[in-house]
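Examining the three-dimensional arrangement
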Amino acid sequence: MEKNSQSNRKNSSAGKKVGITETALRDAHQSLIATRLRIEDMLPIVEKMDDVGYHSLEVWGGATFDSCMRFLDEDPWERLRVLRKSFRKSRLQMLLRGQNIVGYRHYADDTVREFVKRAIGNGLDIIRIFDALNDLRNMEVAAEQVKKEGAHLQLSISYTLSPVHTLEKYAELAVSMRQMGADSICIKDMAGLLSPVMSKQLVKRIKENTGLPVQLHSHYTSGMASMAYLAGIEAGADVVDCAISPLSMRTSQPATEAMVAGLSGGPYDTGIDLESLVPIARHFKQEGKKYNDWLVDLPGIDINVLIYQVPGGMYSNLAGQLKEQNSLDKLPAVLEELPRVREEMGYPPLVTPTSQIVGTQATLNVLTGQRWKVIPNEVRKYFLGYYGRPPADMDKEIRKKAIGNEEPIECRPGEMISPEMEKAEKEIADWVLQPEDILSYILFPAVAKDFLVNKYARTVKRDVGFQEFVEEAAYPV
């Protein structure tokens with residue numbers, strides 16, 4: 001994407017007192033309907049969304065990349081290009097998991113750099129980067145590449161509650177982020193734990209210490225998100241993440257319409273016309289009926305999140321996984337086990353991938369009936385330091401169970417991973433259609449193989465029977 005085009009889009013939303021980032025096309029449906037929203041249900045309303053005057057639209061990243069290939073038979077890169085072509089006025093952004101990119105493990109530095117380059121080249125204006133452990137070492141490479149590509153670098157604080165997560169620590173983290181080149185800072189409250197009191201204090205401290213724009217991202221699970229937004233706005237927050245009403249609240253974000261109406265006419269007016277949101281809400285209300293089977297079963301708020309600290313996407317996925325195993329009745333026990341496991345693992349914030357790591361261990365502890373009897377490899381790697389430095393010391397006895405006498409690594413985890421791009425390119429050379437396919441394959445090898453081989457068969461080998469093509473490619477279906 002040409003830099004002057006990015007600049008034009010940046011200027012197009014200037015002048016608003018408080019910006020709104022619309023999450024309907026990414027986090028909202030990830031939180032409420034397990035990331036199942038299809039591109040065909042987005043495109044009919046894109047033109048009207050483009051006219052609203054949002055600060056930005058979150059359209060990519062998080063779990064959408066995986067879900068596109070795994071469940072929807074869509075190319076995530078093509079989705080991004082189609083959305084970029086359709087949104088002519090608005091800035092588009094994504095959520096990037098630092099060295100995890102959009103996957104569930106750390107990837108090599110060459111993969112991280114190439115992914116950032118391709119993501120921005122395919123149309124993204126803002127890259128929001130976070131690390132599940134708030135280990136800035138895991139954000140360095142991606143952040144540096146975003147700056148090289150000329151996009152807006154937003155570094156995120158993964159907000160959580162624990163004895164070691166204090167106002168002072170968060171403020172220090174924000175200063176370090178500014179030193180890394182952040183253009184703005186996001187307070188990423190993935191579980192809805194941010195109270196209005198803490199929101200006001202934290203925004204104020206970050207603004208004073210860094211002078212950077214601050215964006216608030218929260219989930220409505222505990223019922224505090226709108227209050228936290230208003231308190232943060234009054235303390236100087238520049239942008240808040242919201243979702244159009246049919247995809248809002250519960251484990252998603254506060255409703256866009258409510259935030260626009262609530263701030264209208266005052267010193268924090270968003271500049272958005274409430275009437276412009278009506279057809280968008282109507283569209284997603286109608287299209288949402290297709291996804292009722294995936295809708296998270298949480299009719300109101302769940303104050304227990306303040307105890308369990310389960311983020312929106314984690315809650316829906318955890319419930320879904322237990323349901324598939326005919327063990328949904330074990331959900332309360334798993335939720336009670338989560339805080340214990342989290343403390344033993346050094347109080348990691350619960351966000352991808354640590355939410356999956358801690359959640360899996362808690363589930364195994366409950367289903368097996370014996371704590372820490374079964375320890376998955378990813379949990380072992382966590383204890384060995386391959387995901388980064390935990391916020392607090394881990395339980396020594398549990399760590400001993402997990403890794404025995406092995407010594408944890410002390411360096412930046414990405415340094416332990418050999419370059420991946422060249423090897424992957426050779427492995428899929430026979431059925432790659434675009435450079436981005438190599439990245440898809442590295443991120444999700446098994447899922448991408450199935451998806452890319454079928455895509456190749458449809459687009460290149462239309463004149464050859466599919467089975468004949470499969471045999472020719474020596475790829476077993």
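Residues numbered from 1 in each chain as written. Predicted model: local features only at pLDDT ≥ 70, side-chain atom pairs only at ≥ 80, totals over all residues. Heavy atoms only, no water.

**Some points on the overall build of the protein**
- The helix and strand tally for the protein stands at 22 helices and eight strands.
- Taken over C-alpha atoms, the radius of gyration comes to 22 Å for the protein, in line with the 23 Å a tight globule of 477 residues would show.
- Dimensions of the protein along its principal axes, counting C-alpha atoms only, are 65 × 60 × 45 Å.
- Going through the 477 residues of the protein one by one, you find that 58% of them count as buried.
- Within the protein, residue pairs in contact and separated by at least 24 positions form 75% of the contacts whose partners lie at least 6 positions apart.
- Taken as two groups, the 59 positive and 65 negative side-chain charges of the protein have centres that lie 2 Å from each other. (Helix = DSSP H or I, 4+ residues; strand = E, 2+ residues; numbered from the N terminus. Rg over C-alpha atoms; globule rule 2.2 N^0.38 Å. Buried < 20%, exposed > 50% of the residue type's maximum accessible area, 1.4 Å probe, protein only. Contact = heavy atoms within 4.5 Å. Lys, Arg positive; Asp, Glu negative; His and termini not counted. Charge placed at Lys NZ, Arg CZ, Asp CG, Glu CD.)

**Quick notes on the nonpolar core**
- Counting residues in each nonpolar core, the largest one holds 133 residues, and the members touching the most others are Trp60, Phe115, Ile129, Phe284 and Phe383.
- Ranked by residue count, the leading element in this core is helix α21 (residues 445-459), at six residues.
- Residue contacts for Phe383: discarding those within four places in its chain leaves Glu344, Met345, Trp372, Met394, Ile398, Arg399, Ala402, Ile403 and Pro408.
- If you look at the next biggest cluster of nonpolar residues, it comprises five residues, including Leu95, Ala132, Met190 and Val351. (Core = buried A, V, L, I, M, F, W, Y, C linked by side-chain atoms within 4.5 Å.)

**Things to note about unusual backbone geometry**
- With an omega dihedral of 5°, the bond running from Thr352 to Pro353 counts as a cis peptide bond.
- Its location among the elements puts Pro353 in the loop between α15 (331-344) and α16 (354-368).
- One non-glycine residue, Met249, adopts positive backbone phi at about 60°.
- The topology assignment puts Met249 in the loop between β8 (239-242) and α11 (256-263).
- Of note in the backbone geometry, Tyr347 takes a positive phi value of approximately 55° without being a glycine.

**Looking at the side chain of Lys188**
- When you line up the elements, Lys188 lands in strand β6 (residues 184-189).
- Among buried charged residues, Lys188 stands out as having no salt bridge; its nearest opposite-charge side chain is Asp27, 5.5 Å away. (Salt bridge = Lys/Arg side-chain N within 4 Å of Asp/Glu carboxyl O.)

**Details of the packing of aromatic side chains**
- Within the structure shown, the criterion is met by 12 aromatic pairs.
- Residues Tyr104 and Phe444 carry aromatic rings whose centres are separated by 5.8 Å and whose planes lie at 65° to one another, so their mutual orientation is edge-to-face. Separated by 340 residues along the polypeptide, Tyr104 in the loop between β3 (92-96) and α6 (109-121) and Phe444 in the loop between α20 (436-443) and α21 bring together distant segments of the chain.
- Given the relative accessible area of 30%, Tyr104 is considered partly exposed.
- Given a relative accessible area of 5%, Phe444 falls into the buried group.
- The aromatic ring of Phe71 is capped on one face by Arg36, whose charged end is 3.6 Å from the ring centroid. (Phe/Tyr/Trp six-rings, centres within 6.5 Å; stacked < 30°, edge-to-face > 60°. Lys NZ or Arg CZ within 6 Å of the ring centre and 35° of its normal.)

**Some remarks on helix α8 (residues 167-179)**
- For α8, which comprises 13 residues, the first-to-last C-alpha distance of 19 Å matches the rise-based estimate of 18 Å (1.5 Å per residue) to within 8%.
- Listed as buried for α8 are Leu167, Tyr170, Ala171, Leu173, Ala174 and Met177. Seen from one end, α8 has its buried residues packed into an arc of 155°, which puts them on one side. Facing away from the buried surface of α8 by more than 90 degrees, the exposed residues are Lys169 and Gln179.
- Those residues of α8 hidden inside the fold are in contact with β5 (152-158), β6 and α9 (196-210).
- Of the residues flanking the end of α8, it is Gly181, one or two places downstream, whose phi is positive at about 105°. (Expected span 1.5 Å × (residues − 1). Arc of directions from axis to C-beta.)

**Considering the sheet that holds strand β7 (residues 214-218)**
- The sheet built from eight strands closes into a barrel, its strands ordered β1-β2-β3-β4-β5-β6-β7-β8 with parallel pairing. For this sheet the average axis-to-axis angle between neighbouring strands, irrespective of direction, equals 30°.
- Where strand β1 (residues 19-22) meets strand β2 (residues 56-61), two bridges bridge the pair, whose relative direction is parallel. Within β2, the residue paired with Thr21 across the bridge is Ser56.
- Set on the sheet, α8 makes contact with β5 and β6; between it and β5 the angle comes to about 160°. (Pairing = 2+ DSSP bridges. Axes fitted to C-alpha atoms, helices over the stretch in contact; angles between N-to-C directions.)

**Looking at the confidence of the model for the protein**
- Of the residues in the protein, 91% reach a pLDDT of 70 or more, and the chain-wide mean stands at 90.
- Within the model, pLDDT remains below 50 along residues 1-5, and this stretch shows eight contacts once partners closer than five positions in the same chain are excluded.
- Confidence drops under a pLDDT of 50 for residues 472-477, and excluding neighbours within four residues, the segment shows seven contacts in the predicted structure. (pLDDT = per-residue confidence, 0-100.)

**Thoughts on helix α3 (residues 43-50)**
- Restricting attention to buried positions, one finds in α3 the residues Ile45, Val46, Met49 and Asp50. Seen along its axis, α3 keeps its buried residues to an arc of 145°; they face one direction. Turned more than 90 degrees away from the buried face of α3 sit Pro44 and Glu47, all of them exposed.
- Looking at the buried side of α3, the elements it contacts are β1, α2 (24-32), β2, α5 (76-86) and α12 (278-287).

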